[in-house]
Amino acid sequence: MTLIDLANPTRFLTLTARILPWLAAATAFLLLIGLYQSAVAPDDYQQGATVKIMFIHVPNAWLSMFVWGVMSLAALGTLVWRHPLADVAAKAAAPIGAAFTFLALVTGSLWGRPMWGTYWEWDARLTSVLILFLMYLGLIAVWRAVEDPSRAARAAAILTLVGAINLPIIKFSVDWWNTLHQPASVMRMGGPALDRAFLIPLLVMAVAFSLLFVTLHLAAMRNEILRRRVRALQMMQASQRPA
Amino acid sequence: MSLGPYASFIVTSYLLATVVVLILIAWIAIDYRRQKMRLSELDASGVVRRSGRSATEIR
């Protein structure tokens with residue numbers, strides 16, 4: 001099966017039925033390992049045990065941006081190639097991305113209170129991530145509000161691409177402006193600044209959450225394809241009814 | 001394992017992440033069942049896809 005074959009919704013359903021159980025099992029396995037490593041990771045010399053919040057905050061923060069990146073690629077698929085699966089992918093990813101962004105905001109806030117002395121600060125990093133969360137909610141509202149799926153797909157795709165401007169702002173906000181948030185300590189020039197005792201559990205959790213996203217996204221895409229099949233059949237049924 | 005004076009912040013973070021992930025899983029599972037049920041109802045009412053296959057067939 002080539003990659004182009006997956007662009008066929010029916011083939012996509014066959015493939016997801018086959019791989020979803022394996023993906024779910026791999027996700028659960030890696031999450032268990034990551035949670036165990038997070039539990040036994042040493043305390044930080046400055047932050048103490050609160051460093052454990054990092055193991056869930058950072059993967060969620062990465063994924064909040066990564067999911068929007070996936071949706072931006074899908075938006076290109078909708079606008080340039082007008083492929084129906086592209087809109088299915090974007091629509092299915094939005095609620096999952098919103099959930100990851102929500103978790104990044106709340107766990108960051110819970111980490112900030114003991115470390116910074118405040119739950120919230122209107123600085124560039126926190127505010128730009130809050131804007132990302134609101135954009136996710138806005139996109140979900142667009143898909144729900146516009147009844148014609150092809151019009152909703154185009155509107156959502158344009159909004160997604162416009163919203164992608166926020167991604168570099170989030171990434172570089174800690175370099176461009178004064179902020180309470182610490183600068184990048186993993187993905188930076190010169191390699192990670194974290195000790196291996198923290199870096200390894202963090203990377204395991206990041207891979208586990210990424211697998212969780214792939215699993216949930218494929219399952220949500222399958223649901224969306226089925227929802228569109230239901231809609232098409234209901235319209236066919238309505239058109240066959242005698243007047 | 002001692003979580004120190006900020007244990008409530010750490011435990012709340014992990015609990016919240018667990019709850020949100022479980023809600024996502026439950027929402028997707030319930031949505032899947034709902035779509036399958038609707039397809040079964042359409043199948044029972046005799047509607048077939050343009051390809052001639054039944055509504056519930058995943059091929």
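Residues numbered from 1 in each chain as written. Chains lettered and ligands numbered in written order. Predicted model: local features only at pLDDT ≥ 70, side-chain atom pairs only at ≥ 80, totals over all residues.

Draft legend 1. Summary view of the overall build of chain B. Scanning chain B from terminus to terminus reveals one helix and zero strands. Counting all 59 residues of chain B, 17% fall into the buried class. (Helix = DSSP H or I, 4+ residues; strand = E, 2+ residues; numbered from the N terminus. Buried ≥ 20, exposed ≤ 12 C-beta atoms within 10 Å, placed from the backbone.)

Draft legend 2. View of the overall build of chain A. Along chain A, the regular secondary structure elements total seven helices and zero strands. Secondary structure elements of chain A, listed N to C terminal, follow the sequence α-α-α-α-α-α-α. Overall, the C-alpha framework of chain A stretches about 75 × 35 × 30 Å when taken along its three principal axes. Classification of the 243 residues of chain A by burial places 37% in the buried group.

Draft legend 3. Focus on the confidence of the model for chain B. Per-residue pLDDT for chain B averages 87, and the proportion of residues at 70 or more is 83%. Two summary scores accompany this predicted model of the complex, namely pTM at 0.90 and ipTM at 0.89. (pLDDT = per-residue confidence, 0-100.)

Draft legend 4. Main features of helix α4 (residues 124-145) of chain A. All names here are of chain A. In this model, α4 (22 residues) spans 31 Å end to end at C-alpha, consistent with the 32 Å of a helix rising 1.5 Å per residue. For α4, every residue scored as buried is listed here: A124, R125, L126, V129, L132, M135, Y136 and L139. Check the buried side of α4 and you find it contacts α2 (54-81), α3 (84-116), α5 (149-163) and α6 (166-176). (Expected span 1.5 Å × (residues − 1). Contact = placed C-beta atoms within 7 Å.)

Draft legend 5. Up close: the environment of T215 of chain A. All names here are of chain A. Within the secondary structure, T215 sits in helix α7 (residues 196-240). T215 sits in the buried class, given 24 other C-beta atoms within 10 Å. Sequence separation of T215 and A156 is 59 residues, and the distance between their C-alpha atoms is 23 Å.

Draft legend 6. Here's a closer look at the packing of α7 of chain A against helix α1 (residues 7-44) of chain B. It is the contact of α7 of chain A with α1 of chain B, at a shortest axis distance of 9 Å, that shows an interaxial angle of 25°. In terms of orientation, α7 of chain A and α1 of chain B fall into the roughly parallel class. The interaxial crossing formed by α7 of chain A with α1 of chain B has left-handed handedness. Judged by residue contacts, L212, L216, A219, A220, N223, L226, R227, R229, V230, L233 and Q237 of chain A of α7 of chain A engage V21, L24, I28, D31, Y32, Q35, K36, R38, L39 and L42 of chain B from α1 of chain B. (Axes fitted to C-alpha atoms, helices over the stretch in contact; angles between N-to-C directions. Parallel < 35°, antiparallel > 145°, perpendicular 65-115°, else oblique. Left-handed = near helix turned anticlockwise from the far one by under 90°.)

Draft legend 7. Region of interest: the interface of chain A and chain B. With 32 residues of chain A in contact, the opposing surface of chain B contributes 28 residues. Elements with a minimum of two residues in the side of chain A that touches chain B: α1 (9-40), α3 and α7 of chain A. Looking at which element gives the most residues to the side of chain A that touches chain B, the answer is α7 of chain A, with twelve residues. Counted by class, the side of chain A that touches chain B contains 21 nonpolar, seven polar and four charged residues. (Nonpolar A, V, L, I, M, F, W, Y, C, P; charged D, E, K, R; others polar.)

Draft legend 8. Structural detail: the packing of α2 of chain A against α5 of chain A. Residues and elements named next belong to chain A. For the pair α2 and α5, the least separation of the axes is 8 Å and the interaxial angle reads 135°. When the axis of α2 is compared with that of α5, the two are oblique. Crossing geometry of α2 relative to α5 is assigned as left-handed. Contacts between α2 and α5 involve W68, M71, S72, A75, T78 and L79 from the first element and A153, R154, A157, T160, L161 and G163 from the second. Of the residues that constitute the contact of α2 with α5, the class distribution is seven nonpolar, four polar and one charged.

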